[in-house]
Structure formats: structure tokens, C-alpha cells
Amino acid sequence: MATKHEQIIQHIWSLEVGHKISVRQIAKDLNVSDGTAYRAIKEAENQGLVSSIDRVGTIRIERKKRENFEHLTYAEVVNIIDGQVLGGKSGLHKTLTKFVIGAMEIKAMMRYTEANSLLIVGNRVNAHEAALKAGAAVLITGGFDTSAEVKQLADEKELPVISTSYDSFTVASMINRAIYDQLIKKDIVFVGDIATTLDDTYYLNSSDTIFQWNMLNKKSEHSRFPVVDEKFRVVGIVSARDIVGRDDQTPVTKVMTKKPLVVTAKTSLASVSHTMIWEGIEVIPIVDQDSKLQGLVSRQDVLKALQQMQRQPQVGQTIDDLISTSLEEVSGEEDTYQTEVTPQMTNPLGTLSYGVFTSIISTASSRLLMKTKKADLVIENITIYFNKPVQIESILTIKPKILDVGRVYAKIEVDVLIKQKIVGKGLIMAQLMNR
């Protein structure tokens, strides 16, 4: 039976997009406390089911698909630019496809303003009205208001009219930044993206015996299965080594590993790969916030995803992506790389930042291990020595050297030079993830 928290989430799922939600109403409709309703609404917001806006309230929004991640809802725009909704509140859940800056004559402006777009414009009431008639929402910059007629039209069209104190250029920059950040998030792979779904997951009940383990082993050719209780919560894991020498009628609860490591669908690929290497685990159960089984993620799933990620172009570049693309192998010199210090790599003083320096060293080490051992690294410890500040536009030469390497472990020393003079060093101790 679903918990009250789950019932509220399911209730929110069932509401129409655009429906306004309140803690008091949810508590009344489902006969739960205000605190329970509040926590569930916050969870729904984390899941992208609702959006909360100052002076408006909480609204049921359409949950984004990953392929549509670069688009924003009008509700998100309000929060990004700290805006005030003047009219058309019922349309805040809608998604905008593009935005237009209205810095031209209205007739020319309307050639670019289309349905589901957002017109960013100042105190020009005629432009506000024309945009709404064209099916576009309006963002008024400079803190200006609009006419009562425009507000009424916005309500009729269910298209938001938003006011912000920022100027047009700042607003456009803020929206672009938000879209760019979303694109970076889109490229982050989570466990839920690569997992084996619950329908395809083999598991044991706490009332089962080793006989059932043997049956599942023959059926699936897997050797590690989660154990769930009567409420479908993961309570243990049974692997091949747990059943050695045991009778078929032995209950699985007698041999299982209790309180096993678990992950959620929102755990990142980097985190779960690190856990699998560190603990030597082949399969990890995926659970929800109530510890109920949702699926499985295997070592093979993780390795396959890591390989695919390295072949994918990055749409939104992080600092690590910038370093990875700029780090070039020096021809004629074995295991030597070069990169130029760009403005994005510097601190406020105009010298290479410590974080970027660390990333350069780890990226060069990863390249070397991939070349020599065909393995990715998971850093256990990194020690950095900065001999002198590195100026902007300097050409860095990076020379990683393997000091010691085994089947699952490596120690790497990295020299960073400018014109043959050492400016910094690094020492990395890492675990290997063989491909």
C-alpha cells in the first residue's frame, strides 16, 4: 500500500497542467497534515512536476523530457529574472520556444514574434498587445506596468505578462545563462538513464529460500539479487558467495548481506561508477525515497555509458570540457601534452586557478592511462604543488609519468612546465576502471 507521501505525489501527477496547488488544499483533499503535504509538494518540485512562484503560488507544470531540456517554462523565466506576473497566470506552465528583444518598430518586431515565444520589451503598451494577439507572452523590462486592457487580454489568451526591474540586455543574458546551464545538466548522465527497469529486474522476496536463488540464477545467468520485504523495500543482497555450502531450503534472509549499498535514479553516473570500483560491486539496486526497489544498475551498464559519453559532443561546455578539448598531444614527444591558459581558466588576479590546474593534471593522467592501460581512472588522492603563478596566455607543457601501476591501482606523477621550467607538480593515486 502506498504511503501518504506517495499518494500525494500520485495525486499531483493526476492534476492537469496549469492547476494551482496549495498545501492547505492538498491537506484537506487527501486528509493529511500540512507538514506532510508541504514535504510532498517540495518533492514534486524537485521532480519537476510543479513550480513555485512568489506572489503567484505553486503551479502544476509539464515535466520536461531530456530532449526538450533546453526550453524553459514561463514560470521558470519568472524565477530567473525575479519577475512579477501582471496577467495571464494560468499560462505560466507553458514552454517558450524562443525569445525576441523588441528594439524595433512594432511592424518589424511582429515578423519575429510568433506563438509560444517571449517578447522582451520596455514600456510599449502597443507592442504588449500585438505580441499577445500573435500568441506570444510578454516580458516588460525596466520595472514598468502595462494597461488594464493588456492584462485582461493576457488572462483571456492564457499568456503571461511579466514585469522585471532589469534591462533588456541583462534579462536576455540571464535567460541565455539558464538555458546554457540546462544544456550542461542535460549531458550529465544519471543512473535512471541507464538502469535496468523494474519490469526486467530479477529479485528475491524475504520469504524465499536458496532454491529460488538457484532458479533465478539459471533463468537470468546473474549471480547477485536484491531481497525485498512485504512492502517491497530492499532489505538485503544475495550473491553467489553467500550461498556456497548452504542447503536449498535455507532462507535467503539467513545468508543475505543486510543494509546493502543502494542508489537512486538521480545518482550520477560518476558517483555510481566510483562506488562500484571502490566496493568491487557488479550490481547495485535502485530505490526510491522509501527504499522501495525501482530497478538495477550493473557494472556493464556503467562501462557502456562511460564509453558512449566520451563519443558524444558536449553542447554546454564545463571547465573540464574546455580543458579536455584544449589539451593537445605534442608531436615527437612521448606522453607530453600542451594547452594555453585562456581567460576562462584564470582567477580574479589573472593567473591560472588552482581548480583548473588540478583539472589539467587529472585530464593528462587520464589520457595517459587510457593510452597505456585502456582504463579510466577514479582519483583516490591528489596532491598539488604550485611553484609559481601562471599568467594568462601562457603555454603549458604537461608531462604525466606512471610511477606504479597494477591491475586496479595506479600512481602517477605530473610535471607542468613553461619553457622547460617547472611551474607546478602533481601526484595522483587512483583506482582503475578497466574497459
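What you see is a predicted model, and the numbers here were worked out from it, not measured in a lab.

Parameters and conventions
- Residues numbered from 1 in each chain as written.
- Predicted model: local features only at pLDDT ≥ 70, side-chain atom pairs only at ≥ 80, totals over all residues.
- Heavy atoms only, no water.
- Pairing = 2+ DSSP bridges.
- Helix = DSSP H or I, 4+ residues; strand = E, 2+ residues; numbered from the N terminus.
- Axes fitted to C-alpha atoms, helices over the stretch in contact; angles between N-to-C directions.
- Contact = heavy atoms within 4.5 Å.
- Domains from an automatic or database assignment.
- Buried area = accessible area lost by both parts, 1.4 Å probe.
- Salt bridge = Lys/Arg side-chain N within 4 Å of Asp/Glu carboxyl O.
- Polar contact = N/O pair within 3.5 Å; in protein donor to acceptor, adjacent residues only side chain to side chain.
- Parallel < 35°, antiparallel > 145°, perpendicular 65-115°, else oblique.
- Left-handed = near helix turned anticlockwise from the far one by under 90°.
- UniProt positions renumbered as here; feature names shortened; annotations may be inferred.
- Expected span 1.5 Å × (residues − 1).
- Buried < 20%, exposed > 50% of the residue type's maximum accessible area, 1.4 Å probe, protein only.
- Core = buried A, V, L, I, M, F, W, Y, C linked by side-chain atoms within 4.5 Å.

### Some thoughts on the sheet that holds strand 7 (residues 98-101)
Logical step 1: Taken in spatial order, the 5 strands make up an open sheet running 5-10-9-8-7, and their pairing is mixed. Of all strands in the sheet, those with a lone pairing partner are strand 5 (84-87) and strand 7, marking the two edges. Neighbouring strand axes in the sheet, compared pairwise and without regard to direction, differ in orientation by 25 degrees on average.
Logical step 2: As paired strands, strand 7 and strand 8 (residues 117-121) are joined by 4 bridges and run parallel to one another. The residue of strand 8 that forms the bridge with Val-100 is Leu-119.
Logical step 3: Contacts from helix 7 (residues 148-157) reach strand 5 and strand 10 (161-163), with the element oriented near 90 degrees to strand 5.

### Description of the domain arrangement of the protein
Logical step 1: Domain assignment breaks the protein into domain 1 (4-60), domain 2 (74-187), domain 3 (192-307) and domain 4 (316-434).
Logical step 2: Between the C-alpha centres of domain 3 and domain 4 the distance comes to 37 Å.
Logical step 3: On the domain 4 side, the residues contacting the 7 residues of domain 3 number 8 residues.
Logical step 4: Together domain 3 and domain 4 conceal approximately 650 Å² of surface at their shared face, both sides included; 81% is due to carbon and sulfur atoms.
Logical step 5: When residues of domain 3 are sorted by the area they lose upon contact with domain 4, Ile-277, Trp-278 and Leu-303 head the list and together hold 66% of the total.
Logical step 6: Viewed at the interface, domain 4 and domain 3 are joined by 0 salt bridges.
Logical step 7: Across the domain 3-domain 4 interface, the total number found is 0 residue pairs in polar contact (both at pLDDT 80 or more).
Logical step 8: Elements represented by at least two residues in the side of domain 3 that touches domain 4 include exactly helix 13 (269-279) and helix 14 (299-311).
Logical step 9: Here the side of domain 3 that touches domain 4 gets 4 residues from one element, more than from any other, and that element is helix 13.

### Considerations on the packing of helix 15 (residues 319-326) against helix 16 (residues 354-373)
Logical step 1: Put simply, helix 15 and helix 16 touch, their axes get as near as 10 Å, and they point 50 degrees apart. Regarding the angle of helix 15 to helix 16, the classification is oblique. The crossing of helix 15 and helix 16 is right-handed. Within the contact between the two elements, helix 15 uses Ile-319, Asp-320, Ile-323 and Ser-324 and helix 16 uses Val-356, Ser-359, Ile-360, Thr-363 and Arg-367.

### Focus on the UniProt feature "domain: CBS" (unreviewed entry) in the protein
Logical step 1: Here the UniProt feature "domain: CBS" (unreviewed entry) sits at residues 195-255 and 256-314.
Logical step 2: Note that residues 195-255 is 31% helix and 25% strand, and that its end C-alpha atoms are spaced 26 Å apart.

### Looking at helix 16
Logical step 1: Between its terminal C-alpha atoms helix 16 stretches 28 Å, which fits the 28 Å expected from 20 residues at 1.5 Å a residue.
Logical step 2: For helix 16, the full list of buried residues reads Val-356, Phe-357, Ser-359, Ile-360, Ile-361, Ser-362, Thr-363, Ala-364, Ser-365, Leu-368 and Leu-369.

### Here's the deal with the nonpolar core
Logical step 1: Grouped together as the largest cluster of nonpolar side chains are 27 residues, with contacts concentrated most on Met-345, Leu-352, Ile-360, Val-390, Leu-396, Ile-398 and Val-416.
Logical step 2: Elements with a contribution of two residues or more to this core: helix 15, helix 16, strand 20 (375-386), strand 21 (395-405), strand 22 (409-418) and strand 23 (421-434).
Logical step 3: Ranked by size, the runner-up nonpolar core spans 21 residues in total, among them Ile-59, Leu-118, Ala-137 and Val-171.

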